Amino acid sequence: MDYLEKITTNGKALFLAYDQGLEHGPTDFDDKNIDPGYILKIGVETGYNGVIFQKGVAEKYYTNAQWAGDLKTKIPLIIKLNGKTSLEKDEEPYAAKLCLVSEAEKLGAAAVGYTVYVGSAHEGKMLSEFAGVIQEAHDRNLPVIGWMYPRGKNVPDPKSPEITAYAARIGLELGADIIKIHYPGSLDALKKAVIAAGKTKVVVSGGAKEDEESFLETAKTIMQSGAIGMAVGRNVWQHKDPLAISKKLHKIVFDS
Ligand code: FBP
């Protein structure tokens, strides 16, 4: 079976990330985007390939949501299984596992996600948990997306081409279906990471909100690299017109 069928369109993907409430807290939000229902509306109206929630938001705003009729046919749910808060300042981060694959499946997830802080002193624990997640998810025909984020004092330059390609490769070595990596700053560096990931597909994270023009230029570059798309949060739902920026992004991802 093609694990990725449910969360891609013609081999491309655009995901709407909304796990920042745990990762960063309400500081990322305004009066509108603090409401997960608002995010779901953006996701449904502009046809994202998946919305990324932690399990609590998933349960209350997706699995048991009545407002949008049969949501499951409109936007796939991706549950992020682990995470950490920004209050924890350990130089060597660890993202605790917060949800089981079986729970995610019960909540209606079409895919699951897991962060590995590549290079952290706690890397071994995360690699081992991630391997377990992949096995359990594949037993249930659920695709797995790995947030492969280099961090820690052994990683002085987390966006260097070498470390980005290494992080990407780890996704392939462990059996991730898709990896999510940060943009390493140039087309050439991203191409190297995509090649290192082999048959594991690559999506690129959006990052902190930036000027629309430079954000869309980067998106165009990303789509020339062999990456299949992006997983974007703040650059969409912090935008003054999330639907308009989503449409532009869709055109770049799916028409490239
Ligand atoms: P953004 O597009 O808003 O950057 O979201 C991508 C993402 O990976 C989220 O899934 C996650 O909450 C956040 O970035 C984590 O960012 P960081 O670890 O850099 O604080």
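Before any of the text, the structure's been laid out above.
Criteria and cut-off values
Residues numbered from 1 in each chain as written. Predicted model: local features only at pLDDT ≥ 70, side-chain atom pairs only at ≥ 80, totals over all residues. Heavy atoms only, no water. Helix = DSSP H or I, 4+ residues; strand = E, 2+ residues; numbered from the N terminus. Buried < 20%, exposed > 50% of the residue type's maximum accessible area, 1.4 Å probe, protein only. Contact = heavy atoms within 4.5 Å. Areas by Shrake-Rupley, 256 points an atom, 1.4 Å probe, with all protein chains shown as cover. Lys, Arg positive; Asp, Glu negative; His and termini not counted. Charge placed at Lys NZ, Arg CZ, Asp CG, Glu CD. Phe/Tyr/Trp six-rings, centres within 6.5 Å; stacked < 30°, edge-to-face > 60°. Pairing = 2+ DSSP bridges. Core = buried A, V, L, I, M, F, W, Y, C linked by side-chain atoms within 4.5 Å. Near = heavy atom within 4 Å. Polar contact = N/O pair within 3.5 Å; in protein donor to acceptor, adjacent residues only side chain to side chain. Nonpolar A, V, L, I, M, F, W, Y, C, P; charged D, E, K, R; others polar. Axes fitted to C-alpha atoms, helices over the stretch in contact; angles between N-to-C directions.

## A look at the overall build of the protein
Tallying secondary structure elements over the protein gives 10 helices and 10 strands in all. When its C-alpha atoms are laid out on the principal axes, the protein stretches across 45 × 40 × 40 Å. When burial is assessed residue by residue, the protein has 53% of its 256 residues classed as buried. Residue pairs in contact within the protein that sit at least 24 positions apart in sequence constitute 73% of those at least 6 positions apart. For the protein, the accessible surface area stands at approximately 11300 Å², while carbon and sulfur atoms represent 51% of it. Of the side chains in the protein, 31 bear a positive and 33 a negative charge, and the two mean positions are spaced by 2 Å.

## Some words on the packing of aromatic side chains
Here a ring pair, both rings aromatic, is described through the centre-centre distance and the interplanar angle of the planes. One pass over the structure, following the stated rule, counts five aromatic pairs. With centroids separated by 5.4 Å and ring planes inclined at 80°, the aromatic side chains of Tyr18 and Trp237 adopt a geometry described as edge-to-face. Taken together, the residues span a long stretch of sequence, with Tyr18 in the loop between β1 (13–17) and α1 (20–23) and Trp237 in helix α9 (residues 234–237) at a distance of 219 residues. Summarising the aromatic geometry, the rings of Tyr114 and Phe130 are spaced 5.5 Å apart at their centres and angled 20° between planes, so their arrangement reads as stacked. Residue Tyr114 is found in strand β6 (residues 109–116), and its partner Phe130 is found in helix α5 (residues 123–139); the two are separated by 16 residues along the sequence.

## Side note on the pairing of β1
In terms of residue burial, β1 counts as a mostly covered element, since five of its five residues are buried. Burial along β1 is two-sided: Ala13, Phe15 and Ala17 and Leu14 and Leu16, pointing in opposite directions, are all buried. Note: β1 against strand β10 (residues 229–232), four bridges, orientation parallel. Across the sheet, the residue bridging to Leu14 is Met230, located in β10. With three bridges joining them, β1 and strand β2 (residues 50–53) adopt parallel strand pairing. When the bridges of β2 are listed, Phe15 appears paired with Gly50.

## Here we look at the nonpolar core
Counting residues in each nonpolar core, the largest one holds 80 residues, and the members touching the most others are Phe15, Ile79, Met148 and Leu249. In terms of residue count, the dominant contributor to this core is β6 (six residues).

## A short note on the site of the ligand
Near the ligand, the surroundings consist of 15 residues, among which Asp19, His24, Tyr149, Lys180 and Arg234 are the closest. Between an oxygen atom of the ligand and a side-chain N or O atom of Gln20, the distance comes to 2.9 Å. For the ligand, whose free accessible area comes to 480 Å², the fraction covered by protein is 89%. Classifying every residue of the shell around the ligand by side-chain character gives five nonpolar, five polar and five charged.

## Some words on the sheet that holds strand β8 (residues 178–181)
Around the barrel, which closes on itself, the eight strands sit in the order β1-β2-β3-β6-β7-β8-β9-β10 with parallel pairing between neighbours. Across the sheet, the mean angle from the axis of one strand to that of its neighbour is 25°, orientation sign disregarded. The strands touched by helix α3 (residues 55–63) within the sheet are β2 and β3 (77–80), with β3 carrying the most contacts at an inclination of about 155°. The sheet strands contacting helix α8 (residues 212–222) are β9 (201–205) and β10, and the helix crosses β10 at an angle near 140°.

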